[in-house]
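As a plain string of letters, each chain reads:
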Amino acid sequence: MNYWLVKSEPESYSWTQFVKDGRTVWTGVRNFAARLHLRAMKVGDRVLFYHSGEGKDVVGLAKVVKAAYADPTAEEGDWSCVDLAPVKALTKPVTLSTIKGDKVLSTMRLVKESRLSVSPVSEAQFTRLLDLARTKI
């Protein structure tokens, strides 16, 4: 199993809306590195849901329910999307400042490549983040 982090501005698509929808197609990614990450996602992989913009915190846990396929919103180019489903909200959201100050989490791509909307997370980072969130799978 692999672990990932996806980012969304809550005013565009929030965790609350994601839970209400029950499933979503993660479209609109137009960055080559993020596209590679989408294409590496497999059904069952765990995904951390991060609110960017206002909030700046990891708020939920999701899973990949359909592996990468052609993004139907792309008018040109070779772009991909995946389908995600919510698993559960984190008991305690984990803020970006907490992530930056944590020895294990400070090396996350979220910190190093802050504009990347889809990024891999190591198993150790994933476990540490859930510990800080006081959340069990």
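Scroll up a little and you will see the structure.
Residues numbered from 1 in each chain as written. Predicted model: local features only at pLDDT ≥ 70, side-chain atom pairs only at ≥ 80, totals over all residues. Heavy atoms only, no water.

1. Quick notes on the nonpolar core
Logical step 1: Core analysis: the biggest nonpolar cluster contains 19 residues, and Val6, Trp26, Met41, Phe49, Leu84 and Val118 have the highest contact counts within it.
Logical step 2: Those elements that provide at least two residues to this core are β1 (3-8), α1 (15-21), α2 (32-40), β3 (46-51), β4 (57-70) and β5 (80-95).
Logical step 3: Sorting elements by how many residues they give to this core places β4 first, with three residues.
Logical step 4: Discounting residues that sit within four places of it in the chain, valine 6 has contacts with Trp26, Met41, Val47, Leu48, Phe49, Tyr50, Leu84, Ser117 and Val118. (Core = buried A, V, L, I, M, F, W, Y, C linked by side-chain atoms within 4.5 Å. Buried < 20%, exposed > 50% of the residue type's maximum accessible area, 1.4 Å probe, protein only. Helix = DSSP H or I, 4+ residues; strand = E, 2+ residues; numbered from the N terminus. Contact = heavy atoms within 4.5 Å.)

2. Structural notes on unusual backbone geometry
Logical step 1: The phi dihedral of lysine 56 is positive, around 50 degrees, even though this residue is not glycine.
Logical step 2: Position of lysine 56 relative to the elements: it lies in the loop between β3 and β4.
Logical step 3: Residue lysine 56 is classed as partly exposed on the basis of its relative accessible area, which comes to 40%.
Logical step 4: Of note, arginine 134 is a non-glycine position whose phi angle comes to about 55 degrees, a positive value.
Logical step 5: Within the secondary structure, arginine 134 is located in the segment after α5 (123-132).

Remember that the coordinates give geometry; whether it matters functionally is a separate question.
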